[in-house]
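# Structure assessment
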Amino acid sequence: MGRCGRSKVAILLLFLVLIWVELVAGKFLVEKNSLRVFTPESIRGNYDSAIGNFGIPKYGGTMAGAVVYPKENTKGCQKFETSGISFKSKPGALPTFVLVDRGDCFFSLKVWNAQNAGAAAVLVADHRDEPLITMDSPEEGHASAEYIENITIPSALVDKNFGEKLKNVLSKGDMVNVNLDWREAVPHPDDRVEYELWTNSNDECGVKCDMLMEFLKDFKGAAQMLEQGGYTQFTPHYITWYCPEAFTVSKQCKSQCLNHGRYCAPDPEQDFTSGYDGKDVVLENLRQLCVFRVANETRKPWVWWDYVTDFHIRCPMKEKKYGKECAEEVIKSLGLDLSKIEKCMGDPDADADNPVLKEEQEAQIGKGSRGDVTILPTLVVNNRQYRGKLEKGAVSKAICAGFEETTEPSVCLNGEVETNECLHNNGGCWQDMVANITACKDTFRGRACECPIVNGVQLKGDGYRSCSASGPGRCRIHNGGCWHEKRDGVTFSACLDSEDGKCTCPPGFTGDGVKNCEDINECKEKKACQCNECNCRNTWGSYECTCSSGLLYMRDHDTCIGHSASEVKYGWGAVWLVLIVLGLAGGGGYLVYKQRLRSYMDSEIRAIMAQYMPLDSQNEVANHVDENRV
């Protein structure tokens, strides 16, 4: 790029900054917490302090400590350890609050050095007579990226007058005990917390973007659980600004803006000649806003968290996947209506206002107790801007501090927050509903889409769109994705337990092995049972062949052969032997039966005759009288 080109870019960037200042110059409110001095009596009372926008404030709580002003390195720009200074509290003593002067280095560096020396909190005394300001972390690309995300102690800025009072009493040897109070830092009017996050889809803006994306992944589970339980109402927002009218037709403005310069974003790489443009970021911001709106229409606004985290994982700028194609894959995987989202986005090339983005620009201006949004990212809880590190635990405390006392959900009374994201739309991961298999793995921080191990078989794929079985044992998992069919108790399958994972139709079938395998008619195609004496009948997956004239079919040789004489002779001999045995058995049985029947009849007849006349075998009766005699 020549000198003239660089000058134009510089002028355009200057105008964008001026437009940004114009948008947010209306009202900037500093979020404060109360600082109360208990001793000494001479300065006892309540004072305001501005919450630092890094570290972890104790929202909803208090913190007591003893103030110390170092004799050396009073601005805290150097490591205290090099001077042999330690702020670690002795057992039983109050935590140490280190007082340092403003100037010469970043606020965050002062706090970092004090934290490493054992400080529990840091108070920065202003060196100017001015209203309190918010201490923010430095811009991206600075060496502070090495420490800014590791600051875990709270910090606050105090005005010059109060700072002088503290240093004065400390110089006299007085003990200064103070209490930092964040209990009223967030309004808590009722049993529902309303909060919003001003964010950005650009993932190449340095340490702030990295911290934002990490927070979104960490906090997603808690946010979704609170939303699904009706405890919170969340709304995402995105900052845009407009291009000066004199530059709307310039190449630079066209590459950074939508709708003819109405909605713009900085170039992600700060290089107009390569990589992604600012308009790419604005377009994705618009898409994410519409994802939220469409999800909200279906009463599932929490799906926005799934989309933005999945988009960051699957569509990063570094891998050149940031854009429409990848975004639409994520949308489809989450079961959202793509046509409604596209309708919501409108025409980005139209020379007209975009209702969604116009509404976002208007929302940037502060209303009520909330100041203008000037820092990205910014969290707003109950219309009060959150200050501090975007970290799951700290943000959870800030949100819980927004509930009216005694109305907090049970999660605010526990140390952990966890939700099973796989129960909702399968977490956007791959699943096989027929085999009841899913790639969604629930974790404490959210969920991961990883192809599972099923019955000892590792499925392979990206976990989002596909997972397939491979190698030995794959046929046990939904038949390896191959064709299979069962008829009349007989099952055929195209799956083979081989490393190549191919599906091959079994013998007797033809086809691709995946979607279909058709029966081969061996009789019609004359592939078997073709001898002169053969009679062929096709069956499913095979055939039946019989021979005429009592011949025997040999399947391996596809021919008919006759029976041997010895086999015939032996067969008839066996038949006659069986018949003779049966005849003898029958005759013997008949003789036995006849003998027993005759014996039985004789005994019955003798018994009957004995009733009417004496038999030869009976003795004569002595008193018998022959009635024919006289």
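Anyway, here's the lowdown on the structure attached to this text. Everything numeric in this text was worked out from a predicted model, so none of it was measured. (Residues numbered from 1 in each chain as written. Predicted model: local features only at pLDDT ≥ 70, side-chain atom pairs only at ≥ 80, totals over all residues. Heavy atoms only, no water.)

Okay, the packing of aromatic side chains next. For the structure on display, the rule yields 17 aromatic pairs. Look at Phe80 and Phe87: their rings are 5.0 Å apart centre to centre, the planes differ by 75°, and that puts the pair in the edge-to-face class. When sorted by exposure, Phe80 lands in the same class as Phe87, which is buried. A ring pair is formed by Phe492 and Trp540, whose centres lie 5.1 Å apart and whose planes are at 85°; its orientation type is edge-to-face. Here the residue Phe492 occupies a position in strand β21 (residues 490–493), and Trp540 occupies one in the loop between β24 (534–539) and β25 (542–547), the gap between them amounting to 48 residues. Counting every residue linked through ring pairs, the aromatic cluster contains Tyr195, Phe215, Phe219, Phe234, Phe292, Trp304 and Trp305. The lysine or arginine in question, Arg314, covers the ring of Tyr464, its NZ or CZ lying 4.3 Å from the ring centre. (Phe/Tyr/Trp six-rings, centres within 6.5 Å; stacked < 30°, edge-to-face > 60°. Buried < 20%, exposed > 50% of the residue type's maximum accessible area, 1.4 Å probe, protein only. Helix = DSSP H or I, 4+ residues; strand = E, 2+ residues; numbered from the N terminus. Lys NZ or Arg CZ within 6 Å of the ring centre and 35° of its normal.)

Further remarks concern the environment of Asp159. With respect to the secondary-structure elements, Asp159 resides in the loop between β6 (155–158) and α3 (160–171). Taking relative accessible area as the criterion, Asp159 reaches 29% and is therefore assigned partly exposed. For Asp159 and Ala125, which are 34 residues apart along the polypeptide, the C-alpha to C-alpha distance reads 6.1 Å. With residues up to four places along the chain from it excluded, the contact list for Asp159 reads Asp126 and Leu132. (Contact = heavy atoms within 4.5 Å.)

Moving on, we come to the side chain of Asn259. In this structure, Asn259 sits in the loop between β10 (257–258) and β11 (263–264). Taking the relative accessible area as the measure of exposure, Asn259 reaches 2% and is therefore buried. Setting aside chain neighbours within four positions, we find Asn259 in contact with Asp347, Pro348, Ala350, Ala352 and Asn354.

Strand order in this open sheet of 4 strands is β9-β8-β12-β13, and the pairing throughout is mixed. Either end of the sheet is taken by a strand with one partner, and the two such strands are β9 (232–238) and β13 (384–385). Sheet topology places strand β12 (residues 378–381) next to β13; 2 bridges connect them, and they run antiparallel. In the sheet register, Val381 faces β13, and the bridge partner there is Arg384. Across the face of the sheet, helix α4 (residues 207–228) comes into contact with β8 (193–199) and β9 while running at roughly 155° to β8. The sheet contacts of helix α10 (residues 355–363) involve β8 and β9, and relative to β9 the element is tilted by about 100°. (Pairing = 2+ DSSP bridges. Axes fitted to C-alpha atoms, helices over the stretch in contact; angles between N-to-C directions.)

One can describe the packing of helix α6 (residues 278–297) onto helix α7 (residues 303–314) by two numbers: an axis separation of 8 Å at closest approach and a directional angle of 150°. As judged from the angle between their axes, α6 and α7 are roughly antiparallel. In the crossing of α6 with α7, the sense of the turn from one axis to the other is right-handed. Judged by residue contacts, Glu284, Arg287, Gln288, Val291, Phe292 and Ala295 of α6 engage Val303, Trp304, Tyr307, Val308 and Phe311 from α7. Classifying every residue of the contact of α6 with α7 by side-chain character gives 8 nonpolar, 1 polar and 2 charged. (Parallel < 35°, antiparallel > 145°, perpendicular 65-115°, else oblique. Left-handed = near helix turned anticlockwise from the far one by under 90°. Nonpolar A, V, L, I, M, F, W, Y, C, P; charged D, E, K, R; others polar.)

Taken together, the side chains of Leu552, Met554 and Ile561 make up a nonpolar region of the molecular surface, amounting to roughly 220 Å² of accessible area. Relative to the helices and strands, Ile561 is located in strand β27 (residues 559–561). For Ile561, a relative accessible area of 36% corresponds to the partly exposed category. (Patch = residues over 30% accessible without salt bridge, like charges linked within 9 Å, V, L, I, M, F, W, Y side chains within 5 Å. Areas by Shrake-Rupley, 256 points an atom, 1.4 Å probe, with all protein chains shown as cover. Salt bridge = Lys/Arg side-chain N within 4 Å of Asp/Glu carboxyl O.)

The grouping of Asp190, Asp191, Glu404 and Glu405 at the surface amounts to a negative patch. With respect to the helices and strands, the residue Asp191 is situated in the loop between β7 (177–181) and β8. (Lys, Arg positive; Asp, Glu negative; His and termini not counted. Charge placed at Lys NZ, Arg CZ, Asp CG, Glu CD.)

Our focus in this paragraph is the packing of α6 against helix α9 (residues 338–345). Angle between the axes and distance between the axes are the two parameters that describe a pair of packed helices. For the pair α6 and α9, the least separation of the axes is 9 Å and the interaxial angle reads 125°. In this view, α6 runs oblique relative to α9, as classed from their interaxial angle. The handedness of the crossing between α6 and α9 is right-handed. Along the contact surface, α6 presents Leu283, Leu286, Arg287, Cys290, Val291, Arg293, Val294 and Glu297, while α9 presents Lys340, Ile341, Cys344 and Met345. Here the residues of the contact of α6 with α9 are counted per class, giving 8 nonpolar, no polar and 4 charged.

Next up on the list: the pairing of β25. In β25, alternate side chains face the same way, and those of Tyr543, Cys545 and Cys547 are buried while those of Ser542, Glu544 and Thr546 on the opposite face are not. Bridge count for β24 against β25 is 6 bridges, and the pairing is antiparallel. Across the sheet, residue Thr539 finds its bridge partner in β25, namely Ser542.

Looking now at the nonpolar core. What tends to happen in soluble globular proteins is that the nonpolar side chains get buried as a cluster. Core analysis: the biggest nonpolar cluster contains 87 residues, and Tyr195, Leu216, Phe219, Tyr307 and Ile399 have the highest contact counts within it. At 9 residues, the largest contribution of residues to this core is made by α6. Ignoring sequence-local partners within four residues, the contact set of Tyr307 consists of Glu284, Arg287, Gln288, Val291, Ala327, Val330, Ile331 and Leu334. Core analysis: the second largest hydrophobic core is formed by 24 residues, Val122, Val124, Met135 and Ile148 among them. (Core = buried A, V, L, I, M, F, W, Y, C linked by side-chain atoms within 4.5 Å.)

Before going further, it helps to examine the pairing of β21. On a regular strand, one side chain projects to one face of the sheet and the next to the other, so that they alternate. Bridge count for strand β20 (residues 484–487) against β21 is 4 bridges, and the pairing is antiparallel. Residue pairing in the sheet places His484 in a bridge with Ser493 of β21. In textbook terms, the turn of a hairpin is the stretch between consecutive antiparallel strands, and for β20 and β21 this stretch comprises 2 residues, one of which, Asp488, has a positive phi near 50°.

Looking at the secondary structure, you find Arg474 in the loop between β19 (457–458) and β20. Note on Arg474: relative accessible area 1%, which makes it buried. Engagement of the side chain of Arg474 in a polar contact is seen with the backbone oxygen of Leu496, the distance being 3.1 Å. Of the polar contacts made by the side chain of Arg474, one reaches the backbone oxygen of Lys502; its length is 2.6 Å. Setting aside chain neighbours within four positions, we find Arg474 in contact with Val457, Ala469, Asn479, Gly480, Cys482, Cys495, Leu496, Asp497, Ser498, Gly501, Lys502 and Cys503. (Polar contact = N/O pair within 3.5 Å; in protein donor to acceptor, adjacent residues only side chain to side chain.)

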